[in-house]
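Topology and contacts: notes
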Amino acid sequence: MFFNPLTYSTLMKLKKYLWIIVLPITALGIILPGKTQQNSSENILFQTSTIGALSIGIYDGKTTFQELKKHGNFGLGTVNSLDGEMVGLDGKFYQIKSDGVAAIVPDSLKTPFAVVTFFRSQKLINLKELINYQQLQQSLDQQLPTKNYPYAIRIQGNFPYLKFRSVPKQNPPYPPLADAVKKQSVFELRNVNGTLVGFRTPSYLQGVNVNGYHFHFITSDRKTGGHILDGQFQNAKVEIAPISNVEVSLPESAQFSQADLGDGKSAEVNRVERK
Ligand SMILES: [Zn+2]
């Protein structure tokens, strides 16, 4: 236990505060009025650990991909030892190591950070004009009904240009993410067919997930991909699924419980993940 035993009267005095503490901690359950977890049309986001924990070098988790698949058929993240980028699409999960080669993730492999959902598109946008990555984000921002919910986003097309990266496997003692990505491999492809798998996370979840847009990519032949750094987009099909329920599975490890997660390390995360 984290707390000393409390007397009954002290507990009663604390009762109203306990609700304040307990409610947000309950798996960060954010449930919309009028909706319940049983609602079958609802998109639930499930993630393991936090981006803040990943950013300070907590690169080993206990969640296997076999377990992760129970929570989604679509998503992104990495695998233990930060051994590359991970993309989940149509129920298949791929690991793209720093050599840029994509391979199916074995069910027994574990992840320190993954974000998944059972993707059900609720809005379709056809992007016609040629735009860059920043313009894509601005365009989507303008077309979202609200920025107060997370969104899962799938973008399919033939992309004029994509720049993406993968990170090399790390050895303990693990360096922070900012140092690990200094040795990232960067790939550039032109006229490439494939799918961007991503999420837009509201800024109030900074430290839990990457603030704003975060996309991973995989080619249509499933041979390569990575974490998107830049690109050009034209005639792409964008499907959007709003998410009204977020479940965060926090690591039960000494590393996590003893780490200084401070305010979520959001400034550092944004520096590393957004460029
Ligand atoms: Zn990424």
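Here, the structure is the one placed above.
Treat the numbers as computed from the prediction; the structure is a model and nothing was measured.

**Topic: the nonpolar core**
Counting residues in each nonpolar core, the largest one holds 34 residues, and the members touching the most others are Leu54, Tyr59, Phe74, Leu82, Ala152, Leu177 and Phe199. Among the elements of the structure, helix 2 (51–55), strand 3 (74–78), strand 4 (85–89), strand 5 (92–96), helix 5 (177–180), strand 12 (185–201), strand 15 (236–249) and helix 7 (266–273) are those that each provide at least two residues to this core. Of the residues forming this core, the biggest block, four residues, is contributed by strand 15. Once residues lying within four places of it in the same chain are set aside, the contact partners of Leu82 are Leu54, Tyr59, Val167, Pro168, Lys169, Gln170, Leu177 and Ala180. Residues Leu127, Phe159, Tyr213 and Phe215 belong to the second largest nonpolar core, which totals 24 residues.

**What about the coordination of the zinc ion?**
The protein atoms that coordinate the zinc ion are His214 (NE2), His216 (NE2) and His227 (ND1), at distances spanning 2.1 Å. For the zinc ion, the single-chain donor residues occur in sequence as H-x1-H-x10-H. Taken individually, His214 and His216 each receive the classification buried, so the pair is uniform in this respect.

**Topic: the side chain of Thr195**
Take Thr195: it is sitting in strand 12. The exposure class assigned to Thr195 is buried, which follows from its relative accessible area of 6%. Residues contacting Thr195, with those up to four places away along its chain left out, are Leu89, Arg154, Ile155, Gln156, Phe159, His216, Phe217 and Ile218.

**A short note on the environment of Leu189**
Looking at where Leu189 falls in the secondary structure, it is placed in strand 12. For Leu189, a relative accessible area of 31% puts it in the partly exposed group. Remark: the alpha-carbon pair of Leu189 and Pro160, spanning 29 residues in sequence, is separated by 8.2 Å. With near-sequence residues (within four places) excluded, Leu189 lies in contact with Pro160, Tyr161, Leu162, Phe164, Thr219 and Thr224.

**Let's talk about unusual backbone geometry**
A cis amide bond, omega 0°, links Pro172 with the succeeding residue Pro173. Inspection of the secondary structure assignment puts Pro173 in the loop between strand 11 (151–166) and helix 5. With phi around 60°, Ser49 is a residue other than glycine that occupies positive phi space. Note on placement: Ser49 falls in the loop between strand 1 (43–48) and helix 2.

**Quick notes on the pairing of strand 12**
Looking at chain direction, strand 11 and strand 12 are connected through 15 bridges and run antiparallel. Counted as the bridge partner of Ile153 is Gly198 from strand 12. Looking at chain direction, strand 12 and strand 13 (residues 212–219) are connected through eight bridges and run antiparallel. Bridging from a neighbouring strand, Val197 pairs with His216 of strand 13.

**Some details on the pattern of salt bridges**
Under the counting rule described, the total for this entry stands at nine salt bridges. Linking Arg222 and Asp90 is a salt bridge whose minimum nitrogen-to-oxygen distance equals 3.8 Å. Here Asp90 lies in the loop between strand 4 and strand 5 and Arg222 lies in the loop between strand 13 and strand 14 (225–233), a separation of 132 residues in the sequence. With a relative accessible area of 24%, Arg222 lands in the partly exposed category. Note that Asp179 and Lys182 form a salt bridge whose closest N and O atoms lie 3.1 Å from each other. Overall, Asp179 belongs to the partly exposed group, its relative accessible area being 36%. Assessed through its relative accessible area of 65%, Lys182 is described here as exposed.

Rules used in this analysis
- Residues numbered from 1 in each chain as written.
- Predicted model: local features only at pLDDT ≥ 70, side-chain atom pairs only at ≥ 80, totals over all residues.
- Heavy atoms only, no water.
- Core = buried A, V, L, I, M, F, W, Y, C linked by side-chain atoms within 4.5 Å.
- Buried < 20%, exposed > 50% of the residue type's maximum accessible area, 1.4 Å probe, protein only.
- Helix = DSSP H or I, 4+ residues; strand = E, 2+ residues; numbered from the N terminus.
- Contact = heavy atoms within 4.5 Å.
- Donors = N, O, S within 2.8 Å, 3.2 Å for Na, K, Ca; no water.
- Pairing = 2+ DSSP bridges.
- Salt bridge = Lys/Arg side-chain N within 4 Å of Asp/Glu carboxyl O.

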